[in-house]
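Examining the three-dimensional arrangement
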Amino acid sequence: MMMEIANRDHIGNMKGLDQKELSSGVMKLLDDNKLIYLSGAEMDLKTAPVIRKCLSAFAENGLYGYTVQDKRYNKAVKSWMARTRSANIKEEEIVVTTGTISAVNTAVKAFTSPGDGVVLQAPSYYRFDRAIRNHGRKVIYNPMIYENGNYRIDFKHLERCCSVPENRMLLICSPHNPTGRVFTKAELERMADLALKNNMIIFCDEIFGELVLDGYAFYSLLNVSEKGSIVSTSLGKSFNFTGVNQANLLIRDQDVRQKFKEQQKKDHIGSIDPFFYNALCAAYTEEGYLWTREICSLVKRNETLIRDFCVKEMPRIMPVPLQGGFILWMDMRGLGLEDEELKQFMEQQANVIGDPGSEYGNCGKGFYRLQIAAPEEKIRQMLKQLEKAYRRGGWKG
């Protein structure tokens, strides 16, 4: 199956507009450099052919009216959860929402009060932090332990965080953004036990769950905890639908589901995006599944290329092993640069645009995030430019 590159021009795409602005002279390109844009968790690729074919036919039909969650939709979700998560979901457990961050906002309002705390694993995705603080709640960080190039959860500190009565929710993300960690079944069980023991809601963002790389096993919270848990799934990352604000929550706990839906009614969700409805029914098929495996193969090849190159040519830069998703977390602390200096090094010296680690909190300082669901030639060009900047900076080993 051949991966096709998407054209971002003249469609209002945010990354496309940013690239156009930077290419217009805002950024000075050194030597024979090209602008290499690897920012944001959005692939460079067209979505799966089975989806494009379906949406073309749907668009031609010309009716984009109110769309509801029916048996066809529920059947697609149920079969996909069985395929990708080995979970037997009931229809009533599927709750449609306007995106994962929207769902976090609703959950925060439904299950916590102003002044309460929500516990996150750090480094953390900044939109989670924002959603919590916007409602007058506190972000409680449980910094993950980073040693020997890998991340693990600090369960002693997490236990202390969860034991505080005012901390009412545990928010996790697996595969984790930005580190790429896929939490093990044992880790999920310990987190779920802590949440249950302390009467906390546990919300798990699994929107990268379809993109776990070979060599790693994905365990869903669906198979670990039913009591007090919410799992979010979406087409956003796995099928490059980041601009469509729709997601499915799987809420097996009836009381939690009822309380969430009560708050959702207050927020007014409206009907399902008709394009999302049809895209999901096309994506959650055998053709869609095979396409996600092709994405994983491409990402794995790119990660290996970057890792091998860094070991050989730029040993002060160490990519964190990528287990799931397509965003590579780069440990660049070996360059000894402050946050703004690191940003300038990447953008002005290497002409590479990614996401500064400082955007993910204090635990991200000295790191840099790259989106690598991209053509191999783009990754090779990025490495060529990065190496020149590395040499120019005087680093050798």
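**What to know about the sheet that holds strand β4 (residues 138-143)**
The 7 strands lie next to each other as β2-β10-β9-β8-β7-β3-β4, forming an open sheet whose pairing is mixed. Pairing within the sheet leaves two strands with one partner each, and these edge strands are β2 (94-97) and β4. Strand-to-strand twist in this sheet, taken as the mean axis angle between neighbours without regard to direction, amounts to 25 degrees. When β2 meets strand β10 (residues 247-250), the two strands line up antiparallel, connected through 4 bridges. Following the sheet pairing, valine 96 is matched in β10 by asparagine 248.

**So, the nonpolar core**
Membership of the largest hydrophobic core comes to 118 residues, with the highest contact counts inside it found for Met191, Ile230, Phe239, Tyr284 and Met382. The leading source of residues in this core is helix α10 (residues 286-313), at 8 residues. The contact partners of isoleucine 230, leaving out residues within four places of it in the chain, are Ala107, Phe111, Ile201, Ile202, Phe203, Cys204, Leu221, Leu249, Leu250, Ile251, Val256 and Phe260.

**Some points on helix α3 (residues 71-85)**
Taking 1.5 Å per residue, 15 residues should reach 21 Å; α3 reaches 20 Å between its end C-alpha atoms and fits that length. What α3 keeps buried is the set Tyr73, Asn74, Ala76, Val77, Trp80, Met81, Thr84 and Arg85. Down the axis, α3 shows its buried residues gathered within 155 degrees of arc, on one side only. α3 presents Lys71 and Lys75 as exposed residues on the side facing more than 90 degrees away from its buried surface. Buried residues along α3 sit in contact with β2, β9 (229-233), β10, α9 (274-283) and α10. At the N-terminal boundary of α3, the capping side chain belongs to aspartate 70, with an oxygen 3.3 Å from the backbone nitrogen of arginine 72. In the stretch just after α3, serine 86 is the one whose phi turns positive, near 50 degrees.

**A look at the state of the cysteines**
Counted according to the given criterion, the structure contains 0 disulfides. In this structure cysteine 173 is not part of a disulfide, and its nearest cysteine sulfur, from cysteine 204, lies 7.3 Å away. Judged by relative accessible area, which is 5%, cysteine 173 ranks as buried. Between cysteine 363, a cysteine without a disulfide, and cysteine 161, which holds the nearest cysteine sulfur, the sulfur-to-sulfur distance is 12 Å.

Conventions adopted
Residues numbered from 1 in each chain as written. Predicted model: local features only at pLDDT ≥ 70, side-chain atom pairs only at ≥ 80, totals over all residues. Heavy atoms only, no water. Pairing = 2+ DSSP bridges. Helix = DSSP H or I, 4+ residues; strand = E, 2+ residues; numbered from the N terminus. Axes fitted to C-alpha atoms, helices over the stretch in contact; angles between N-to-C directions. Core = buried A, V, L, I, M, F, W, Y, C linked by side-chain atoms within 4.5 Å. Buried < 20%, exposed > 50% of the residue type's maximum accessible area, 1.4 Å probe, protein only. Contact = heavy atoms within 4.5 Å. Expected span 1.5 Å × (residues − 1). Arc of directions from axis to C-beta. Polar contact = N/O pair within 3.5 Å; in protein donor to acceptor, adjacent residues only side chain to side chain. Disulfide = S-S within 2.5 Å.

As far as function goes, none of this settles anything; it's purely spatial.
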